[in-house]
Amino acid sequence: MRDLSAAHAEAFLEMMSAERGAAINTLDAYRRDLEDASMVLAGLGTTLSRAQAVDIRAFIGDLAARGFSPASQARRLSALRQFYKFLHAEGLREDDPTGVVDSPRKSRSLPKILSIDEVTRLLGQAETEIAQAQNDPERLQRIRFRALLELLYATGMRVSELVGLPYRVLADGGRFLIVRGKGAKERMVPMSRPARAALETWLTQIGETAEQSGYLFPANSSEGHLSRQVFARELKDVAARAGLPVAKVSPHVLRHAFASHLLAGGADLRAVQELLGHADISTTQIYTHVLDERLKQLVNQHHPLANATKNRD
């Protein structure tokens, strides 16, 4: 029987280009994936167009043996799924051999976080630099940075939420912030005393300008408020001066630190989900490594059998 795999692959790529508007880089990636699969399947005694589920699993196994990560294996399998879906839709195959093949499990990397000591050093550096300012504009910029930093660590806001805070965002006498997150969904976030004090100091300096602009952190930008990029750059600069590894520090890392430190201190995962503005608890569960460690310590310290084991040893 004549093998039409090459012709089928070309037809698939033409469809992706014409009907779905796939970019050249995307088409090249699909082509490479199909060619690689075709070579491996040929070694298994079959072809791309005739492969069965057992052959696809063998191909994924070959990728793993060659050192491809689960994410890369999943991407290759996704390309094959698209290809066989096309063959089935065109009546060139009666089945989809990838339909019963499970995707390789991607290991979810733990978020980078800063320790409490590292955050304390960062906050201390921000405070020190206000006193070291050489002139009023520099002092004002450093007061603004400290307010941003205190707010970020105290609330775990996304950086876009932070820099775009409206002027009239405070609630209940300034003890809470009303944060508008993804999908325009609002949530109420409590503020710590240091965050409130830092924000009050900033507003004492810039209050009238902030009120006129409508933002807590006004700037001469197209949005009318400070940009994410400016704050991120200032954060890395201060981190460097505090002796922290710059690559480890970013606004999002501080959001992770907020969540992880809360959980380590005994906070409930559902409460942290609400504070972070996560729509789904599964997103917040990237922090369960913190809970796991806390629960392990809890059992070791308080479970009677744990102490009995130590005594037997």
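Up top is the structure.
Small disclaimer: the values here were computed from a predicted structure and weren't measured.

Caption draft 1: Representation of the environment of Y153 within the structure. Here Y153 lies in helix α6 (residues 136-155). Separated by 103 residues in the primary sequence, Y153 and H256 have C-alpha atoms spaced 9.1 Å apart.

Caption draft 2: Layout of the pairing of strand β2 (residues 176-180). Burial along β2 is one-sided: the residues L177 and V179 are buried and none of F176, I178 and R180 is. In this sheet, β2 lies alongside strand β1 (residues 170-171) in antiparallel orientation, the contact comprising 2 bridges. Counterpart to L170 in the pairing with β2 is L177. Counting the residues in the hairpin turn of β1 and β2 gives 4 residues, including D172, whose phi is positive at 55°. As paired elements, β2 and strand β3 (residues 186-190) share 5 bridges and run antiparallel to each other. Within β3, the residue paired with V179 across the bridge is R187.

Caption draft 3: Broad picture of the packing of aromatic side chains. Applying the stated criterion across every chain, the model contains 6 aromatic pairs. Summarising the aromatic geometry, the rings of F12 and F86 are spaced 5.8 Å apart at their centres and angled 55° between planes, so their arrangement reads as tilted. Remark: F86 occurs in helix α4 (residues 70-89) and F12 occurs in helix α1 (residues 5-18); sequence separation between them is 74 residues. Of the two residues, F12 and F86, neither departs from the other in class, the shared state being buried. Relative to F217, the ring of W202 has its centre 5.9 Å away and its plane inclined at 20°; by these criteria the two rings are stacked. Remark: F217 occurs in the loop between α8 (193-213) and α9 (228-241) and W202 occurs in helix α8; sequence separation between them is 15 residues. With respect to class, W202 is no different from F217; both count as buried. Three or more aromatic residues link up through ring pairs in this structure, and these residues are F12, Y30, F83, Y84 and F86.

Caption draft 4: Geometry of the sheet that holds β3. Strand order across the open sheet formed by 3 strands is β1-β2-β3, with antiparallel pairing between neighbours. In the strand order of this sheet, the two ends are held by β1 and β3, each with one partner.

Caption draft 5: Region of interest: the packing of α6 against helix α10 (residues 251-264). In contact at an axis separation of 7 Å, α6 and α10 are set at 45° when each is read in the N-to-C sense. Viewed along their axes, α6 and α10 adopt a mutual orientation that is oblique. Residues L149, L152, Y153, A154 and T155 of α6 form the contact with α10, whose participating residues are P251, L254, A257, F258 and H261. Along the lines of polarity and charge, the residues of the contact of α6 with α10 split into 8 nonpolar, 2 polar and no charged.

Caption draft 6: Structural view of the environment of L162. Locating L162 in the fold gives a position in helix α7 (residues 159-163). Residue classification places L162 among the buried residues on the basis of a relative accessible area of 0%. When the C-alpha atoms of L162 and L151 are compared, they prove to be 7.8 Å apart, with 11 residues separating the residues in sequence. Not counting the four nearest positions on each side in its chain, L162 is found in contact with L148, L151, L152, M157, F217 and F231.

Caption draft 7: Focus on helix α2 (residues 24-43). The terminal C-alpha atoms of α2, which comprises 20 residues, lie 29 Å apart, in line with the 28 Å expected from a rise of 1.5 Å per residue. All of the buried residues along α2 are L27, A29, Y30, D33, L34, D36, A37, V40 and L41. For α2, the secondary structure elements touched by its buried residues are α1, α3 (53-65) and α4. Just downstream of α2, G45 is the residue with a positive phi angle, here 85°.

What counts and how
Residues numbered from 1 in each chain as written. Predicted model: local features only at pLDDT ≥ 70, side-chain atom pairs only at ≥ 80, totals over all residues. Heavy atoms only, no water. Helix = DSSP H or I, 4+ residues; strand = E, 2+ residues; numbered from the N terminus. Buried < 20%, exposed > 50% of the residue type's maximum accessible area, 1.4 Å probe, protein only. Pairing = 2+ DSSP bridges. Phe/Tyr/Trp six-rings, centres within 6.5 Å; stacked < 30°, edge-to-face > 60°. Axes fitted to C-alpha atoms, helices over the stretch in contact; angles between N-to-C directions. Parallel < 35°, antiparallel > 145°, perpendicular 65-115°, else oblique. Contact = heavy atoms within 4.5 Å. Nonpolar A, V, L, I, M, F, W, Y, C, P; charged D, E, K, R; others polar. Expected span 1.5 Å × (residues − 1).

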